[in-house]
Amino acid sequence: TYRGLCAALEQGHFQLHAQPIRRLRGVAPDEYEVLVRMVDEEGRVLPPEQFLSAATRYQLLDRLDQWVLMQALAMLEAH
């Protein structure tokens, strides 16, 4: 729901997961893709297919994108 997504954004109920990108051949530099997950009220980690369509419907993708970008930059700064 709209309220649930807004509350999740405000309360930081999203997580980023950095997943390494592995090449099949050769030695690759360290590369990662960053995946976003939502944590529901019961503490379950939800994949994007369970919240992105609602975020799109309620026009919250810009807010989610901004959150992801800020968190990803903080992760990079820490390393």
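Structure: see above.
Anyway, here's the lowdown on the structure attached to this text. Treat the numbers as computed from the prediction; the structure is a model and nothing was measured.

On to the nonpolar core. Core analysis: the largest hydrophobic core is formed by 16 residues, its most contacted members being Leu5, Phe14, Val36, Met38, Phe51, Leu64 and Trp67. Counting residues per element, the ones that place at least two in this core are α1 (2-11), β1 (14-20), β2 (32-39), α2 (52-57) and α3 (61-78). Of all the elements, α1 adds the most residues to this core, at four residues.

So, about the pattern of salt bridges. Per the counting criterion, the structure on display carries three salt bridges. With its nearest N and O atoms 4.0 Å apart, the salt bridge here joins Glu10 to Arg63. Of this pair, Glu10 sits in helix α1 while Arg63 sits in helix α3; the two residues are 53 residues apart in sequence, bridging distant segments of the chain. Glu10 gets classed as exposed once you look at its relative accessible area, which sits at 62%. For Arg44, the salt bridge is made with Asp40, and the minimal N-O distance between the two is 2.6 Å. Residue Asp40 is classed as buried on the basis of its relative accessible area, which comes to 8%.

Time to look at the packing of α1 against α3. Packing of α1 against α3 leaves a shortest axis separation of 11 Å and a crossing angle of 20 degrees. Between α1 and α3, the angle is such that the two are roughly parallel. Remark: the crossing between α1 and α3 carries left-handed chirality. For the pair formed by α1 and α3, the contact residues are Cys6, Leu9 and Glu10 on the first element and Arg63, Leu64 and Trp67 on the second. Grouping the constituent residues of the contact of α1 with α3 by class yields four nonpolar, no polar and two charged.

Every buried residue belonging to α1 is among Leu5, Cys6, Ala8 and Leu9, and all of these are buried. Projected down its long axis, α1 carries its buried residues within an arc of 160 degrees, all on one side. Pointing more than 90 degrees away from the buried face of α1 are the exposed residues Arg3, Glu10 and Gln11. The inward-facing, buried residues of α1 contact β1, β2, α2 and α3. One or two positions beyond α1, positive phi appears at Gly12, with a value near 70 degrees.

Rules used in this analysis
- Positions within a chain are numbered from 1, following the residues in the order the chain's sequence is written.
- Note on the predicted model: pLDDT of at least 70 is required for a residue's local features to be given, and 80 or more for side-chain atom pairs to be given and counted; whole-chain, interface and lining totals, by contrast, use all residues.
- With hydrogens and water excluded, all non-hydrogen atoms of the structure serve as input to the side-chain values.
- Definition of nonpolar core: a set of buried residues of the types Ala, Val, Leu, Ile, Met, Phe, Trp, Tyr and Cys, connected through side-chain atoms within 4.5 Å.
- In this scheme, a residue with accessible area under 20% of its type's maximum is buried, one over 50% is exposed, and one in between is partly exposed, where area comes from a 1.4 Å probe on protein chains only.
- Secondary structure follows DSSP: runs of H or I at least 4 residues long count as helices, runs of E at least 2 residues long count as strands, and numbering of each begins at the N terminus.
- Salt bridges are defined by distance alone: a side-chain nitrogen of Lys or Arg within 4 Å of a carboxyl oxygen of Asp or Glu.
- To define axes, lines are fitted to C-alpha atoms, for helices over the stretch in contact only, and angles between the resulting N-to-C directions are given on a 0 to 180 degree scale.
- Roughly parallel covers angles under 35 degrees, roughly antiparallel covers those over 145, roughly perpendicular covers 65 to 115, and oblique covers all other angles.
- Here a crossing is called left-handed whenever its near helix is offset anticlockwise from the far helix by less than a right angle, and right-handed whenever the offset is clockwise.
- Should any heavy atoms of two residues lie within 4.5 Å, those residues are considered in contact.
- Throughout this entry, Asp, Glu, Lys and Arg are counted as charged residues, while Ala, Val, Leu, Ile, Met, Phe, Trp, Tyr, Cys and Pro are counted as nonpolar. The remaining residues, Gly among them, count as polar.
- This arc is taken over the directions from the axis of the helix to the C-beta atoms.

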